[in-house]
Structure formats: C-alpha cells, structure tokens
Amino acid sequence: MANEIVDFLKRIPYFGRLSAPTLADVAGRASLRSYARRELILLEGEPAQAVYFVVSGQVRVYKVSAGGREQVLDRLGPGAALNLVPVLDGAPNPASATAANAVTLCAIPRDDFLAAIRHYPPLAEAVLADLATRLRRFAALVEDLSFRTVRARLARLLLRQAAQPGRRFTQAEMAAELGTVRDVVGRLMAELQDEGLVAVERHRIIVKDRPALEAMAEV
C-alpha cells in the first residue's frame, strides 16, 4: 500500500519536487479511501480531518441553500486536492463533496499535512500555486453567475459537454451547475431544441449549431 501511495504522490505537482525519502515520509502518513458513486465524502460545516488528493474518479464539490437548491462549485479529477482551505485555516468544511462516480482518494491527516508544509518548502510553494489557481477559478464562477444570463451559462455548459462526450448531466444536475432550478433548465432546453440549436437523442444532448451556441455563451 505504501509503495502504491508513493507512486501516486510523485506523479502530481504537489509532491513531484520532493526527494525520495521525503516522499516516503509523507506517504507513510497517508491512506487510500474508496467511495461509491453519489457517496458523501465531506459535509459542509463539519471539522476538517484531512486533505485529500483524487487518485481516480471525479469529486463533485457543492453548497446547498436553506431551500435545498444546489450550486456546484467545482469538479475535481485525478491529482486535484480536496478540502485544502479548511485544513489550512482550521475552520469547518466550507462545502460538501460527493463522488460523481467511483472515487479513490489519498488522505493525509491535517496535522501531518501541516507539518509537511512547514518542513518542506517545495510543498508549501505548490499549495500557494494551487490556491491561486482556485481563486481564479472561483472568480470566473462569480463572473458567470453575476454577469451572464442562465441561457448564456447553459450554452457554455452544453459546449463543455460536447467536448467531453462521456459525461451526461440530468436536468437537475445541469441546474446545480448553473445556479438555477430544474424547471428553468427544462424550459430553456425546449427553446434551444425549437430553435434547432440542440437535439436530444436517447438522453444524449447533440449540439446542432455550434456557432450559434458559442455566440449565445458570450451574452
């Protein structure tokens, strides 16, 4: 198990610059955890016990309003860090996370991760770079939610889906990605089909007019 964790850690930017003995030390404090599709990984408001790195699968990070509406904040794939902020600041988990499909995570306990950051400057630099990237990503999300219509955000989502044909979203999942409700997504999808921009075939969304969707995505 330890060798498996070492092999994983040395492939991701966080740990790529660490020496072999240092990597072995970090790996010795880590463990692998597996989650089934839709299984809860983290719950908003709970204390942060560890930082996680995605070995395989995809993790869905989201917040839920008092009325039960979801807003997806991020989707994390292999190599990405999960739960970094509360591990660093000691506050509760700021969001919940579930497994979008079968997921394996590498967990490093909070105290061990903080000790590693203090002792190994390359790891601290990698953490800062990752936080900067996340800040830019969340700034882009705020821009989308604040300045683009739901119709424009839907067009952007459909274009992203077309670039990743293996991913399929239900209308409820699309609503969570877009910061709206399922009924709005259903109405807008019907409009796009009537306009000949998309088609739905066997639960798959087919982009019929990419230039029109691209123009709509920028409104």
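Heads up: these notes are all about the structure in this document. (Residues numbered from 1 in each chain as written. Predicted model: local features only at pLDDT ≥ 70, side-chain atom pairs only at ≥ 80, totals over all residues. Heavy atoms only, no water.)

**Considering the environment of K63**
Next, step 1: Among the structural elements, K63 can be located in strand β4 (residues 59–64).
Next, step 2: Note: C-alpha distance between K63 and R75 (twelve residues apart in sequence) is 13 Å.
Next, step 3: In contact with K63, other than residues within four places in its own chain, are E44, R69, E70, Q71, L73, P94 and A95.
Next, step 4: A distance of 2.7 Å separates the side chain of K63 from the side chain of E44, its partner in a polar contact. (Helix = DSSP H or I, 4+ residues; strand = E, 2+ residues; numbered from the N terminus. Contact = heavy atoms within 4.5 Å. Polar contact = N/O pair within 3.5 Å; in protein donor to acceptor, adjacent residues only side chain to side chain.)

**A few points about helix α9 (residues 210–217)**
Next, step 1: Within the sequence span of α9, burial applies to L213, M216 and A217. Within α9, the buried residues cover an arc of 100° as seen down the axis, which keeps them to one side.
Next, step 2: Packed against the buried residues of α9 are α6 (150–163), α8 (182–194), β9 (198–201) and β10 (204–207).
Next, step 3: Of the residues flanking the start of α9, the one acting as N-cap is D209, its side-chain oxygen 3.2 Å from the backbone nitrogen of A212. (Buried < 20%, exposed > 50% of the residue type's maximum accessible area, 1.4 Å probe, protein only. Arc of directions from axis to C-beta.)

**Notes on the sheet that holds strand β1 (residues 31–35)**
Next, step 1: With respect to topology, four strands assemble into an open sheet ordered β1-β8-β3-β6, the strand pairing being antiparallel. Unpaired on one side and paired on the other, β1 and β6 (81–82) mark the two borders of the sheet.
Next, step 2: Pairing of strand β3 (residues 50–56) with strand β8 (residues 103–109) involves six bridges; the strand directions are antiparallel. By the bridge assignment, A50 is partnered in β8 with P109. (Pairing = 2+ DSSP bridges.)

**Some details on the side chain of T98**
Next, step 1: Looking at where T98 falls in the secondary structure, it is placed in strand β7 (residues 96–99).
Next, step 2: Here T98 is in contact with R38, E39, L40, I41, Q58, V59, R60 and Y62, once residues within four sequence places are set aside.

**A short note on the packing of aromatic side chains**
Next, step 1: Considering all chains together, one arrives at four aromatic pairs under this definition.
Next, step 2: Ring centres 6.0 Å apart and planes at 40° place the aromatic pair Y14 and F15 in the tilted group. Note on accessibility: Y14 and F15 belong to one class, buried.
Next, step 3: Taken together, Y14, F15, F53 and F113 form an aromatic cluster joined through their ring pairs.
Next, step 4: Lying over the aromatic face of Y62, R60 brings its terminal NZ or CZ to 4.9 Å of the ring centre. (Phe/Tyr/Trp six-rings, centres within 6.5 Å; stacked < 30°, edge-to-face > 60°. Lys NZ or Arg CZ within 6 Å of the ring centre and 35° of its normal.)

Everything listed here is a matter of geometry and, on its own, says nothing about what the molecule does.
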